[in-house]
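Commentary on secondary and tertiary structure
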Number of protein chains: 2
Amino acid sequence: LVYVCVFLVQAQVLYDFTAEPGNNELTVKEGETVTITNQNIGGGWIEAQNSRGEVGLVPEDYIEVRECGDDFSISSLSHPALCFQCMCLLNLISNASNGNDPWSVWNTDPSGGSNNNWASNPEGTQTGKNAPDPWGSHGHPQAYQGPAEDDEWDDDWDDMKSTGGYVESESGDSGAMQRGGAHATSMKISLNKFPGFSKSGPELYLLCKQFAKGKDKLPIYTGEVGPVWSYPESQLDCIVHFHTNTVNHRYKHFDWLYERLLDKFGSAIPIPSLPDKQVTGRFEEEFIKMRMERLQGWMTRMCRHPVVSSSEVFQLFLTYKDEKDWKMGKRKAEKDETVGVMIFSTIEPEAPDLDLIEVEQKCDQFSRFTKAMDDGVKEILTVGHEHWKRCTGPLPKEYQRIGKAFQNLSTVFTSSGYQGESTLTDALTAAGKTYEDIAQMVAEQPKKDLHFLMETNNEYKGLLGCFPDTIGVHKAAIDKVKEADKLVATSKIAPQDKVTMGKRASTMSYALQAEMNHFHSNRIYDYNRVMQLYLEEQVKFYETIAAKLRQAHSQFTTM
Amino acid sequence: LVYVCVFLVQAQVLYDFTAEPGNNELTVKEGETVTITNQNIGGGWIEAQNSRGEVGLVPEDYIEVRECGDDFSISSLSHPALCFQCMCLLNLISNASNGNDPWSVWNTDPSGGSNNNWASNPEGTQTGKNAPDPWGSHGHPQAYQGPAEDDEWDDDWDDMKSTGGYVESESGDSGAMQRGGAHATSMKISLNKFPGFSKSGPELYLLCKQFAKGKDKLPIYTGEVGPVWSYPESQLDCIVHFHTNTVNHRYKHFDWLYERLLDKFGSAIPIPSLPDKQVTGRFEEEFIKMRMERLQGWMTRMCRHPVVSSSEVFQLFLTYKDEKDWKMGKRKAEKDETVGVMIFSTIEPEAPDLDLIEVEQKCDQFSRFTKAMDDGVKEILTVGHEHWKRCTGPLPKEYQRIGKAFQNLSTVFTSSGYQGESTLTDALTAAGKTYEDIAQMVAEQPKKDLHFLMETNNEYKGLLGCFPDTIGVHKAAIDKVKEADKLVATSKIAPQDKVTMGKRASTMSYALQAEMNHFHSNRIYDYNRVMQLYLEEQVKFYETIAAKLRQAHSQFTTM
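Keep in mind that what you see is a predicted model, and the values were worked out from it rather than measured. (Residues numbered from 1 in each chain as written. Chains lettered and ligands numbered in written order. Predicted model: local features only at pLDDT ≥ 70, side-chain atom pairs only at ≥ 80, totals over all residues. Heavy atoms only, no water.)

**Side note on the relation of the copies chain B and chain A**
Where we set the bar: Here the copies are matched by least squares. The fit uses the C-alpha atoms of residues with pLDDT of at least 70 in both. Contact criterion: two residues are considered in contact whenever any of their non-hydrogen atoms come within 4.5 Å of each other.
Its rotation angle being 180°, the transformation that places chain B on chain A also includes 0.0 Å of axial translation and leaves an RMSD of 0.2 Å. Viewed as a symmetry operation, the transformation between the two copies matches a two-fold axis. The fraction of interface residues of chain B whose copies in chain A are also interface residues reaches 99%, indicating that both copies meet through the same surface.

**Considerations on the packing of helix α8 (residues 356-392) of chain A against helix α9 (residues 394-414) of chain A**
All names here are of chain A. Here is the rule we go by: What counts as an axis is a line fitted to C-alpha atoms, over the stretch in contact for a helix, and the angles between N-to-C directions run from 0 to 180 degrees. Numbering of helices and strands runs from the N terminus; a helix is a DSSP stretch of H or I covering at least four residues, while a strand is a stretch of E covering at least two. In this scheme, roughly parallel covers angles under 35 degrees and roughly antiparallel covers those over 145, while 65 to 115 is roughly perpendicular and the rest are oblique. Charged residues are taken to be Asp, Glu, Lys and Arg, nonpolar residues to be Ala, Val, Leu, Ile, Met, Phe, Trp, Tyr, Cys and Pro, and polar residues to be all remaining types, Gly included.
Where α8 contacts α9, the two axes come as close as 3 Å, and the packing angle between them is 25°. With respect to each other, α8 and α9 are oriented roughly parallel. Residues Lys389, Arg390, Cys391 and Thr392 of α8 form the contact with α9, whose participating residues are Pro394, Leu395 and Pro396. When grouped by side-chain class, the residues that make up the contact of α8 with α9 number 4 nonpolar, 1 polar and 2 charged.

**Focus on helix α6 (residues 312-319) of chain A**
So the rule is basically this: With a 1.4 Å probe rolled over the protein chains alone, any residue whose accessible area is under 20% of its type maximum counts as buried; one over 50% counts as exposed, and the rest are partly exposed.
Counted residue by residue, α6 of chain A has 6 buried out of 8 residues, so it is predominantly covered. Buried within α6 of chain A are the following residues: Val313, Phe314, Gln315, Leu316, Phe317 and Leu318 of chain A.

**So, the confidence of the model for chain A**
All names here are of chain A. Note the threshold: Every residue is assigned a pLDDT by the predictor, reflecting its confidence on a scale from 0 to 100.
Averaged over chain A, the pLDDT score is 74; the fraction of residues at 70 or greater is 68%. Across chain A, element-level confidence peaks in α9 with a mean pLDDT of 97 and bottoms out in helix α1 (residues 84-94) with 40. A low-confidence stretch, residues 77-196 (pLDDT under 50), is modelled with 232 contacts involving residues beyond four sequence positions or located in other chains. Long-range and interchain partners of residues 242-248, a stretch whose pLDDT sits below 50, account for 31 contacts in this model, where long-range means more than four residues apart. Scored as a complex, the prediction yields pTM 0.70 and ipTM 0.71.

**Here's the deal with the packing of aromatic side chains**
The following threshold applies: Two aromatic rings, drawn from Phe, Tyr or Trp (for Trp, its six-membered ring), form a pair once their centres lie within 6.5 Å of each other, and the interplanar angle then sorts them: stacked below 30 degrees, edge-to-face above 60, tilted otherwise.
In total, this model carries 32 aromatic pairs over all chains according to the counting rule given. Between Phe413 of chain A and Tyr527 of chain B, the aromatic rings sit 5.2 Å apart at their centres with planes inclined by 80°, giving edge-to-face as the arrangement. Of this pair, Phe413 of chain A sits in helix α9 while Tyr527 of chain B sits in helix α14 (residues 495-554), each in a different chain. With a relative accessible area of 0%, Phe413 of chain A lands in the buried category.

**A word on the interface of chain B and chain A**
The cut-off we apply is this: Using a 1.4 Å probe, buried area is obtained as the accessible area two parts lose upon being combined, added over both of them. Any carboxyl oxygen of Asp or Glu within 4 Å of a side-chain nitrogen of Lys or Arg constitutes a salt bridge here. Distance and chemistry together define a polar contact, namely a pair of N or O atoms within 3.5 Å, with one atom able to donate a hydrogen and the other to accept it when in protein, and with adjacent residues in sequence counting only for side-chain atoms on both sides.
The interface of chain B with chain A comprises 73 residues on the first partner and 73 residues on the second. Of the roughly 7,300 Å² buried between chain B and chain A, counting both surfaces, carbon and sulfur atoms make up 66%. Counting every contact that joins chain B to chain A gives 6 salt bridges. Put simply, chain B and chain A have 20 residue pairs in polar contact (both at pLDDT 80 or more) between them. Of all the secondary structure elements, the ones that give two or more residues to the side of chain B that touches chain A are α8 (356-392), α9 (394-414), α10 (422-444) and α14 of chain B. Tallying contributions element by element places α14 of chain B first for the side of chain B that touches chain A, with 23 residues. Residues that form the side of chain B that touches chain A fall into these classes: 38 nonpolar, 21 polar and 14 charged.

**Focus on the environment of Thr434 of chain A**
Residue and element names in this part refer to chain A. As for its placement among the helices and strands, Thr434 is situated in helix α10 (residues 422-444). With relative accessibility at 10%, the residue Thr434 sits in the buried group. Separated by 118 residues in the primary sequence, Thr434 and Ala552 have C-alpha atoms spaced 6.9 Å apart. Residues contacting Thr434, with those up to four places away along its chain left out, are Lys548, Leu549 and Ala552.

**Describing the sheet that holds strand β10 (residues 347-349) of chain A**
To summarise the sheet geometry, strands pair through backbone hydrogen bonds and adopt either a parallel or an antiparallel arrangement. Residue and element names in this part refer to chain A. To keep things clear, this is the line we draw: At least two bridges found by DSSP between two strands are what make those strands a pair.
Across the sheet, 3 strands lie side by side as β7-β6-β10; this open sheet has mixed pairing. The two strands at the open ends of the sheet, each matched to only one other strand, are β7 (226-229) and β10. Each neighbouring strand pair of the sheet contributes to a mean axis angle of 30°, computed without reference to strand direction. With 4 bridges connecting them, strand β6 (residues 218-223) and β7 associate as antiparallel partners. When the sheet's bridge partners are listed, Gly223 is paired in β7 with Gly226. Strands in contact with helix α14 (residues 495-554) are β6, β7 and β10; relative to β7, the strand with the most contacts, it is inclined by about 80°.

Right, here's the structure in full:
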């Protein structure tokens, strides 16, 4: 099932243009802002809409794309307004989808639909309703081209551009928790001050007498790898793309979606921040592209998650029919009380209760792992950042200088007046040009391989940044349960409450384990994929260089 | 015809060793200095000679090679004391030699001997007795291994070591003229002060009434490329090598040879300086090797030159039989009066006289060319120096860091506790190690390719550094000839003298042209060869990297 988030593209008119009657053209004035409604007319024309809503054809050269706006719409596969490009992308993906009914995903047939294109986990199949590898072989939409090359190559070049936007900023570090603005609900948990019972601590869930009557239960099954979420048979896909016909979403709706997901699931699931909205020079095409690419990554990850993708708020975001539908759904979501720690009340592990020792062990294990991986990921980002700078700065410069030196010597040789120079000088010049070619290859290579390695690690940095808080919630709960005996002894709680608490801590643990298994499964898939891509591109790179040099070598005769 | 200059190797005794009687062993004491007379005994033994002249076997591990001394001997092909290594080298070369009689080189048969292994100039054969390519496909002796790797990789590393000894020092720049010490004859020509006639200026030759009776005339023929020296059919070769049996030369004899050649031929032929004798840390093996390599280069170039190699002083150096022979030859050479500008009196062009206009044009042409090539060569040396530093410093460090980062992440993944990690983690670890391998390859590569490119350009820098003075001599002569009318008018010289001066300037020009043609021919050969070698090694380098990465890539499974 595929949805497309299409963003509005706005453009500025550079020159006056008067429409010829009967040609479906649109008259525009220099300086006017129009919205591009169809960029694939061909023959040098595009279709645009002016501020009065009039639509018509305008010469491509007469306008300049200014900004990818905040406005976007979400279309389903069959939307007639999709451009050819969208259709191609969707064709790639639709082979994996399983029918057109968004609600068919909850087919309880464990063997899955026959159209299911998901690759199976080579390590073994899981029992139950889970497909452990929720992401098949879908292609990514237009790959991001990276920042423009800076003309001044300099060892001290520290511009954000050169890093391809991978600067280690603090803003993304804590993932969920640091995203400013109003959190509608009780996500803020003070972990260090825990005097007694509080309305926001884990006891809210651990000791809650009555769970809200909710229809959406989240089962956890036991798979081969351990506790796992229930995965739908066919997965959602969402492509983020330029080009729209109708506008009915704004970027702030993404913000709203993020906030809702964070509130509802943040205690159990890492909900990474949205990509930075304000970027330096926001009219710059490469930053717009990067934002789109990262938004695509965010949407994909949300689609991959069985809990998030099946949630009401997510479904609302993708499928609401009209403004009324949206407003109603919005209001309902904002009133949802099953948020924060209460999410655990919807979780139903189909497995025996765990004792607190095991709960604590698992929690510590995941804490150590996520911390260690965070360090490892940051190391790769740091090293990759340095490498990017080198490959787009001093290194190509050096090859350029080598190439120029060879060519200069060749020029000198040509001036010798000695007969019989030309074979050598031609070959020397060709060798020099080869090194200049190599310089250019080196400078362009990071966008082809390093870029994706960095993006993947950047995503994981964001994800991992969510875990400290999530794990904090679990640790607080464990601590509270440890206190249970004392609380019973001091008659703060009943003996039965202690049992309940233990059970609920066990439920929390299952949720954490299911989430970790989901995380691991995705991680293995993602890293496998990105490493293959990286190494494949690296091989091509070095082979191409070798071929060029071989060619240059062949021009020198054996004497 | 092949000669071997074998240098004495001295060593310090590390531990006492008492010879066992009847085993041909030598008793040595810790701290004693011995001379290695045969290093290829095998079985952990070497043969050494102590200060008292006693010779015997000593365990290899008991001694430490300290210094390649100043003492060497010259052996001919059949010397019984040559080690196996020498023999192998000589076998390579002897295929090109043409009999054993050093004087047979002056065979006047234009078709050349049938054993002549010289590659022919693909640009056309020359008429006359010249083989335009005097250097066949001889292998070089042990290739220099380059400076030891510094453990501290640092962008600011500016140690002489890192440059592999290619520091742009001033000492080598002017080639002939700046080599200190006593120049026995009148090589010092003050170009800027030229008041009138002087004993050291070009007029010494231009107006000399009677040439010394010399038997050694130097013909210049007209070949396809223009004026050329007379090239012998078979060329001398001289290998510079360690290991000796008898000592009868000292390094200062090389100095003496250089001085004599400079005196005699320096006005007509560029005689480059000998390699630096004093080097930092002269006990360091790599500097000793570099000095040997450069000495080899110097000898080879001298052997290649038809005028130098056939000169009495050069022949003396290679073939003197005993101390008496040497002393006599030395005294005779030092008394030679056909030195400085008078060398031109031995030159006999077989071609019509040139008028002064052409003489001046040629002189200017060569002046421009040698200056331009000097700039080009220095550019390559500068660029190569930078590249060397980068390849042995920051670049391998970067690949190392990338490799470590992959391996660290792999270690983290291994700790996940999730089943099914091993394929990914094994592949990730292997990829990390591959990048560490690549780091090492990068660090070692310059010694395989860049080294030779640098050495060749360094040699040419030395050669080109000789030309300003040589060309200065010619320009001074041209200026003097231009004055001829005035000198006749003021009765300073006779009209006939003017004619003589013109003729002699023409002879000087032919010498310069023949030398330039020799220079160009060698240059084309040398650069062709070194560029082929460089590019070939570069191709291998990149192909090997690609292969390693391909291997690493294959370990990641497709999921």
